[in-house]
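Descriptive structure summary
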Amino acid sequence: MAAYRDIVILTGAGLSAESGLATFRDKDGIWARYDYREVATPQGFARNPKLVHEFYNMRRREHAKVRPNAAHHALARLEREHAGRVTIVTQNIDALHEAAGSQRLIHMHGELLRALCSHCGATHAWTGDLDLYTQCPRCGSDAGMRPDVVWFGEMPYRMDEIARLLDGADLFISIGTSGNVYPAAGFVAEAREAGAHTVELNLEPSEGASYFAEALHGRASEIVPAYVERLLAGTA
Ligand code: APR
């Protein structure tokens, strides 16, 4: 039984699946229905911005209907009640961690409810639709507004901060991610290298399963609250 001081938690789409948001690579996932090259690359946006706007407008509308689940709430509780530090690094662009009350949060792939002006670089809270004529509230230019989401081939956000956190962590937990997408899929190796205990909580073993010292498989809404209970009781 270890009393962990500095916990870093990587989350992925599997965490929000039971809230009603599709994952990407499960059989009925988003990438089974959409071509990521068309809707999630800068090249796709340049080729057909209207299609990309429609895709994210649809996801914003779906997002308005969902609520955080027991796994989101358990992680917010861990942050509140853990004596040390808890930081969530999420690949998710949804705002369900925030809705559950998590504070120390890094959206490494951006946020669905923010828009980015590719002319002036400003970002804006955005819950409605975006289109070709949407003007940037700061610089006023149009045709440059895009979802503030990190697309394939683009650099994720706050990577220096994440590297420092992984270097200082004594517990690294990965939840609801398939381990297919780098750099996030490489975090377990970095944390392990720095001496952290590594735990995977996922429906099934991920691509990176062999890197983890410990794994619990099941639905996030069940295994995450149970694991948080053990952490807070000091029996994990
Ligand atoms: N509870 C726990 N895990 C689940 C659940 C659930 N209810 N449902 C699905 N999972 C697991 C799946 O087994 C899978 O391993 O969640 C994982 C989801 O994997 P992906 O769909 O690949 O999503 P993710 O790993 O978050 O994708 C990474 O890829 O498409 C890009 O930028 C996008 O952030 C995303 C990144």
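In case you missed it, the structure is sitting above this.
Predicted model only: the values in this text are computed from it and were never measured.

All right, on to the overall build of the chain then. Tallying secondary structure elements over the chain gives nine helices and nine strands in all. Seen through its C-alpha atoms, the chain measures out along the principal axes to roughly 55 × 35 × 30 Å. The 236 residues of the chain split such that 50% are buried. Considering only contacts in the chain between residues 6 or more positions apart, those separated by 24 or more positions represent 63%. Summed over all atoms, the accessible surface of the chain reaches about 11,200 Å², with 51% contributed by carbon and sulfur.

On to the sheet that holds strand 1 (residues 6–11). The strand order across the open sheet built from six strands is 3-2-1-7-8-9, with neighbouring strands paired in parallel fashion. Each having just a single partner strand, strand 3 (105–107) and strand 9 (214–217) make up the two edges of the open sheet. The sheet shows a mean angle of 15° between the axes of neighbouring strands, taken without regard to direction. In terms of strand pairing, strand 1 meets strand 7 (residues 171–175) through five bridges, oriented parallel. Paired with Thr11 across the bridge in strand 7 is Ile175. On top of the sheet, helix 9 (residues 220–233) reaches strand 1, strand 7, strand 8 (197–202) and strand 9; it is set at about 140° to strand 9, its chief contact.

As a volume, the largest pocket reaches approximately 910 Å³. Along its surface, the largest pocket is lined by 45 residues, and Ala13, Phe24, Arg25, Thr177 and Ser178 are the ones closest to its centre. For the lining of the largest pocket, the secondary structure elements donating two or more residues are helix 4 (49–63), strand 8 and helix 9. Here the element with the most residues in the lining of the largest pocket is helix 9; it accounts for three residues. Along its surface, the second largest pocket is lined by 18 residues, and Leu21, Ala22, Phe24, Ile30 and Arg59 are the ones closest to its centre. Only helix 1 (30–33) and helix 4 provide two or more residues apiece to the lining of the second largest pocket. Of all the elements, helix 4 adds the most residues to the lining of the second largest pocket, at five residues. Looking at the lining of the second largest pocket residue by residue, the classes come out as 10 nonpolar, four polar and four charged.

What counts, and at which threshold
- Residues numbered from 1 in each chain as written.
- Predicted model: local features only at pLDDT ≥ 70, side-chain atom pairs only at ≥ 80, totals over all residues.
- Heavy atoms only, no water.
- Helix = DSSP H or I, 4+ residues; strand = E, 2+ residues; numbered from the N terminus.
- Buried < 20%, exposed > 50% of the residue type's maximum accessible area, 1.4 Å probe, protein only.
- Contact = heavy atoms within 4.5 Å.
- Areas by Shrake-Rupley, 256 points an atom, 1.4 Å probe, with all protein chains shown as cover.
- Pairing = 2+ DSSP bridges.
- Axes fitted to C-alpha atoms, helices over the stretch in contact; angles between N-to-C directions.
- 1 Å grid on protein atoms, 1.4 Å probe; cavity = no way out; pocket = protein on both sides within 12 Å on 5 of 7 lines; lining within 4 Å.
- Points joined across faces, edges and corners; volume = space filled by probe spheres on them.
- Nonpolar A, V, L, I, M, F, W, Y, C, P; charged D, E, K, R; others polar.

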